[in-house]
Each structure stands twice: as C-alpha cells, then as structure tokens.
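Here's the letter readout for the chains.
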Amino acid sequence: LNGTELKTNIQDMIETEMSDVIENYMRGDNADEWDLEGLLADLSTIFHMPDDIDEDGIYSMHKEEITDKLLSHADLIYNERENSVGADSMRMLERLVMLRTIDSLWVQHLTSMENLRQGIGLHAFGQRDPLVMYKREGHEMFQDLLNKIQHDIVRTIYHVGTQDPDSNRRVNRRSSNQTLVSEVASRQLQKEPAARLSSKVGRNDQCPCGSGKKYKKCHALV
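First things first, this report covers the structure right here in the doc. (Residues numbered from 1 in each chain as written. Predicted model: local features only at pLDDT ≥ 70, side-chain atom pairs only at ≥ 80, totals over all residues. Heavy atoms only, no water.)

1. Here's the deal with the overall build of the protein chain
Within the protein chain one finds seven helices and zero strands. For the protein chain, the α and β elements follow one another from N to C terminus as α-α-α-α-α-α-α. For the protein chain, with 222 residues in total, the buried portion stands at 33%. Entry remark: accessible area of the protein chain is about 14500 Å², with carbon and sulfur atoms responsible for 49%. (Helix = DSSP H or I, 4+ residues; strand = E, 2+ residues; numbered from the N terminus. Buried < 20%, exposed > 50% of the residue type's maximum accessible area, 1.4 Å probe, protein only. Areas by Shrake-Rupley, 256 points an atom, 1.4 Å probe, with all protein chains shown as cover.)

Here is the structure:
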C-alpha cells in the first residue's frame with residue numbers, strides 16, 4: 001500500500017482478471033461455442049464497454065485480437081479517470097479500494113481458517129493425515145483469497161468516485177471527485193480502533209475497551 005508501484009499492481013490485476021474472464025467465456029478456437037453474451041455481461045461489470053464491441057463484432061475477431069482491444073480500452077479508461085481526478089487523488093483511491101477489499105476479505109478468510117482448524121481432525125477417520133490436509137486446504141483457501149481480492153478490486157476501481165451520469169457539468173468533475181476522496185478517507189479512518197487509550201484512565205478504572213476488566217488488568221498490560 002505504501003509502494004510507488006501500486007498503479008502497476010492494479011493494472012496487472014486488471015489484465016489478469018480480464019484475460020481469465022475472456023478465457024472462461026471463449027474456450028477453444030470455435031467461435032460457435034463461445035458465450036459472447038455472458039462475456040459482454042461480465043466485462044460490463046468492470047467498465048463501460050466500447051460501442052464498437054458487440055456480439056457481432058467479437059464473432060468476426062480472433063481471440064487474441066479481442067483480448068488486445070479490450071485491454072487497450074481498459075488502459076485508456078484508467079488513464080482518463082486518473083487525468084480527471086488527478087494523479088494524487090487516483091493514488092489515494094487505489095490505496096483505499098485495496099485496503100477496504102483486503103480488510104473485508106481477510107476477516108472472512110480468518111473465519112474460514114478457524115472453521116477449517118476445528119474440523120480438520122475428521123480427516124483422520126478417512127485415513128488421511130490432518131496436518132497434511134490442513135496445509136493443502138489452507139493453501140487452496142489462501143489462493144482463493146488472492147483471487148477474490150483481485151476480482152473485487154478490478155470490479156471496484158473503475159466505479160468508485162464516478163459522478164452521476166445525468167450530470168454534464170465537466171467543470172466541477174475534479175473538485176467533486178476530490179471531495180469524494182476526502183469523504184472515503186474520513187470513513188476509512190473512522191473504522192480504525194477507537195481505543196487509542198487516554199493516559200487519563202485510572203489503573204483501577206474500568207477499561208474503555210469494553211472488556212469489563214480494570215484498566216490495569218486489561219490494556220495497561222499491552
């Protein structure tokens with residue numbers, strides 16, 4: 001999140017995700033077997049599709065040509081968004097989108113890992129080593145987490161901070177997006193733990209974290 005290559009990382013995610021989507025709906029070289037309607041519907045959740053890309057147009061193109069055209073369009077839209085909100089604001093949006101996505105999915109992942117840990121002993125009844133199965137299933141769950149992070153970031157980054165489509169006032173576009181950035185940043189900061197404990201809390205007072213313990217037996221030990 002603090003690196004200078006965050007934009008590059010997200011653009012790599014976009015390229016990988018779009019390539020996976022294209023491969024999923026366009027298996028093989030026979031265009032008659034492609035699910036073009038599903039492809040366009042899925043890609044439209046990432047960004048607004050160009051007018052010259054439709055089922056008839058894709059049907060007459062090679063898969064590599066389609067991939068190159070869509071990836072070029074993705075880069076064009078990304079750069080246009082960056083130019084409209086400013087480079088600094090775009091970097092902040094990238095960080096906030098990535099942080100929010102990882103924060104949400106990581107909590108779910110920890111819950112799933114705890115459930116796996118509690119039930120992994122059942123593999124022993126099937127003559128399988130629980131430790132080996134825990135490592136294997138844990139690795140698969142972590143890879144699934146990375147895929148979900150990529151999926152959600154790619155489908156969020158083009159939409160966060162977008163203006164009302166009915167508004168044609170381009171003059172205020174940058175200030176509107178910068179205001180959104182400030183609001184999102186403020187909400188993100190409010191999500192941080194509120195218990196930055198004050199030095200005024202007495203050692204025998206109830207701990208403000210809500211544990212019900214005295215401060216000296218709770219956070220005073222941290």
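2. Details of helix 6 (residues 130–157)
For helix 6, spanning 28 residues, the distance from its first C-alpha to its last is 40 Å, which sits close to the expected 40 Å at 1.5 Å a residue. Those residues of helix 6 not exposed but buried are Met-133, Gly-138, Leu-145, Ile-149, Gln-150, Ile-153, Val-154, Arg-155 and Ile-157. Where helix 6 is buried, its residues meet helix 1 (6–25), helix 2 (36–43), helix 4 (63–85) and helix 5 (87–119). The N-cap of helix 6, judged by a side-chain oxygen 3.0 Å from the amide nitrogen of Leu-131 a few residues on, is Asp-129. (Expected span 1.5 Å × (residues − 1). Contact = heavy atoms within 4.5 Å. Polar contact = N/O pair within 3.5 Å; in protein donor to acceptor, adjacent residues only side chain to side chain.)

3. Notes on the side chain of Gln-150
Mapped onto the elements, Gln-150 comes out in helix 6. Setting aside residues no more than four positions away along its own chain, Gln-150 makes contact with Met-13, Thr-16, Glu-17 and Asp-20.

4. Some remarks on the pattern of salt bridges
Across all of its chains, the model carries eight salt bridges by this definition. A salt bridge links Arg-155 to Glu-17, with the shortest nitrogen-to-oxygen separation between them at 2.8 Å. Of this pair, Arg-155 sits in helix 6 while Glu-17 sits in helix 1; the two residues are 138 residues apart in sequence, bridging distant segments of the chain. This pair shows no difference in class: Arg-155 is buried, exactly as Glu-17 is. The shortest N-O distance in the salt bridge between Glu-114 and Arg-117 comes to 2.7 Å. Note that Glu-114 and Arg-117 are positioned in helix 5 at a spacing of three residues, about one turn of the helix. Glu-114 gets classed as partly exposed once you look at its relative accessible area, which sits at 31%. (Salt bridge = Lys/Arg side-chain N within 4 Å of Asp/Glu carboxyl O.)

5. Things to note about the nonpolar core
Counting residues in each nonpolar core, the largest one holds 39 residues, and the members touching the most others are Ile-14, Met-18 and Tyr-158. In this structure Ile-14 touches Ala-74, Tyr-78, Val-154, Ile-157 and Tyr-158, once residues within four positions along its chain are discounted. (Core = buried A, V, L, I, M, F, W, Y, C linked by side-chain atoms within 4.5 Å.)

6. Some remarks on the packing of helix 1 against helix 5
The geometry of helix 1 relative to helix 5 is characterised by a closest axis approach of 10 Å and an angle of 60 degrees between their N-to-C directions. In terms of axis orientation, helix 1 runs oblique to helix 5. Note that helix 1 runs across helix 5; the crossing there is left-handed. Facing Leu-6, Lys-7, Ile-10 and Met-13 of helix 1, the residues of helix 5 in contact are Arg-91, Glu-94, Arg-95 and Met-98. Grouping the amino acids of the contact of helix 1 with helix 5 by side-chain chemistry returns four nonpolar, no polar and four charged. (Axes fitted to C-alpha atoms, helices over the stretch in contact; angles between N-to-C directions. Parallel < 35°, antiparallel > 145°, perpendicular 65-115°, else oblique. Left-handed = near helix turned anticlockwise from the far one by under 90°. Nonpolar A, V, L, I, M, F, W, Y, C, P; charged D, E, K, R; others polar.)

All quantities given are derived from atomic positions and should not be read as evidence of function.
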